[in-house]
Amino acid sequence: MCPEVKQMNDKTIKKNITKLWNQAYINYDDCYAHGLKSEEEKKEWLRFLRKVIGKQPCSILDVGAGTGFVSLLLAELGHNCKGVDLSENMLSKAKEKAQEIQAKKKADKRVIDEIWAIIAIAIGAFLAVATFTQGAGKVGEAIGLALKGVFGLMGYVLPFYLIIFGVLLFARKTSHFSIQTIIYLFVILLMLATMNSIRFVDQDKLELSWQIMQGFYASGVKLTSGGFLGMILATLLVKGFGAAGCWIFTLVLTFICLLLLINTPVSRFFEKISDKVEERKLIKEHAHLDIASEDEQGIQV
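Not measured: the values here are computed from a predicted model.

Some thoughts on the packing of helix α8 (residues 210–221) against helix α9 (residues 228–261)
Two packed helices can be described by the angle between their axes and the distance between those axes. Interaxial distance between α8 and α9 falls to 7 Å at its minimum, and their mutual angle equals 130°. Comparing the axis directions of α8 and α9 gives the class oblique. Crossing of α8 against α9: the hand is right-handed. On the side of α8, the interface is formed by Trp210, Met213, Phe216 and Tyr217, while α9 contributes Phe228, Met231, Ile232 and Thr235. Residue classes in the contact of α8 with α9 are distributed as seven nonpolar, one polar and no charged.

Structure, rendered in structure tokens:
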């Protein structure tokens, strides 16, 4: 057989195989060992793959990936799996499944935001009762005094601060709740306490000692200073940069944190960066799929 005829036959075979699987993709996952029917079956598959491949993450090529059944499981185990298949319909189905996983992840993130929003509002309401009334009992009274001792006047602001944040988070007006969100909230509160403390700083006495810092707490409870944290930071900043420099520093840092916290173009820009990082994480956790090439269709999970 001459090479030209053999090449033609190979192309014909490839074309027929591709046509067959392009037609079979619709019910492919319903076939035995081609899709998951229950959580128990999924656990068994994960156990089997973990036993065969091991726990150490590695790069895996899934030839004939189909609708991504095995590729998705391998990705969930933390492996960097690339699936290839001749059938474009099969890979479209695989990509659809991966998008469903990502959509579910986003929905879960929204639920987490709502839960934390309710928690923030509830904590804020409790702190308001503890700070302004005697209705929270001895524990609430102790918490109210501690807040004033640490933050001074901002101890009265903190309850409303948390309530406002909770409402904005529930209304999707802030970035998603995360460790970074907590840091931004704390920094803003600390900067507000520092700004409130500048007026109490004696620029002729900028030394710090444990006894002086204890006095900051005691005077913060009486609202005659900016509280423990506010006075310490204000003293250090005034000593290093003067009162004007302290104001500039605290205002700029507060403004930056607000831009990152509230739903603004700046926060959305950084959220897009975070989403890209999350996509890379999905490669190891929840299967992010892309078409690999035009010549031989593939998926990267």
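Description of the environment of Tyr217
Turning to its location among the elements, Tyr217 is positioned in helix α8. The exposure class of Tyr217 is partly exposed, given its relative accessible area of 32%. Contacts of Tyr217, omitting those with residues within four sequence positions, involve Leu145, Ala146, Gly149, Val150 and Phe228.

Things to note about the packing of aromatic side chains
Given two aromatic rings, one states the distance between the centres and the angle between the planes to describe the pair. The tally for this structure, following the rule as stated, stands at five aromatic pairs. Judged by centre distance (6.3 Å) and plane angle (90°), the ring pair of Trp45 and Phe48 falls under edge-to-face. Of the two residues, Trp45 and Phe48 both sit in helix α2 (residues 39–53), three residues apart, roughly one turn of that helix. Look at Trp45 and you get partly exposed, because its relative accessible area is 23%. Classification of Phe48 by relative accessible area gives partly exposed; the value is 44%. Plain terms: the ring middles of Phe132 and Phe160 are 5.7 Å apart, the flat faces sit at 55° to each other, and that makes the pair tilted.

Quick word on the side chain of Asp62
The topology assignment puts Asp62 in strand β1 (residues 59–63). Of the buried charged residues, Asp62 lacks a salt bridge, with Lys97 as the closest side chain of opposite charge at 9.8 Å. Looking at Asp62, its side chain comes within polar contact range of the side chain of Ser71, at 2.7 Å. The contact partners of Asp62, leaving out residues within four places of it in the chain, are Val70, Ser71, Cys81, Lys82, Gly83 and Val84.

So, the nonpolar core
Judged by nonpolar contacts, the single largest core of 22 residues is most densely connected at Phe151, Leu158, Tyr161, Phe165 and Leu189. Among the elements of the structure, α4 (88–132), α5 (137–151), α6 (154–170), α7 (179–197) and α9 are those that each provide at least two residues to this core. Among the elements that take part in this core, α7 stands out by supplying eight residues, more than any other. Leaving out residues up to four positions away in the same chain, Leu189 has contacts with Phe151, Met154, Leu158 and Tyr161. Counting 11 residues, the second largest nonpolar core, distinct from the first, contains Val201, Phe216, Met231 and Cys246.

Points about the side chain of His79
Mapped onto the elements, His79 comes out in the loop between α3 (69–76) and β2 (80–84). Its relative accessible area of 0% is what places His79 among the buried residues. A distance of 3.2 Å separates the side chain of His79 from the backbone nitrogen of Cys58, its partner in a polar contact.

Cut-offs used in this document
Residues numbered from 1 in each chain as written. Predicted model: local features only at pLDDT ≥ 70, side-chain atom pairs only at ≥ 80, totals over all residues. Heavy atoms only, no water. Axes fitted to C-alpha atoms, helices over the stretch in contact; angles between N-to-C directions. Helix = DSSP H or I, 4+ residues; strand = E, 2+ residues; numbered from the N terminus. Parallel < 35°, antiparallel > 145°, perpendicular 65-115°, else oblique. Left-handed = near helix turned anticlockwise from the far one by under 90°. Contact = heavy atoms within 4.5 Å. Nonpolar A, V, L, I, M, F, W, Y, C, P; charged D, E, K, R; others polar. Buried < 20%, exposed > 50% of the residue type's maximum accessible area, 1.4 Å probe, protein only. Phe/Tyr/Trp six-rings, centres within 6.5 Å; stacked < 30°, edge-to-face > 60°. Lys, Arg positive; Asp, Glu negative; His and termini not counted. Salt bridge = Lys/Arg side-chain N within 4 Å of Asp/Glu carboxyl O. Polar contact = N/O pair within 3.5 Å; in protein donor to acceptor, adjacent residues only side chain to side chain. Core = buried A, V, L, I, M, F, W, Y, C linked by side-chain atoms within 4.5 Å.

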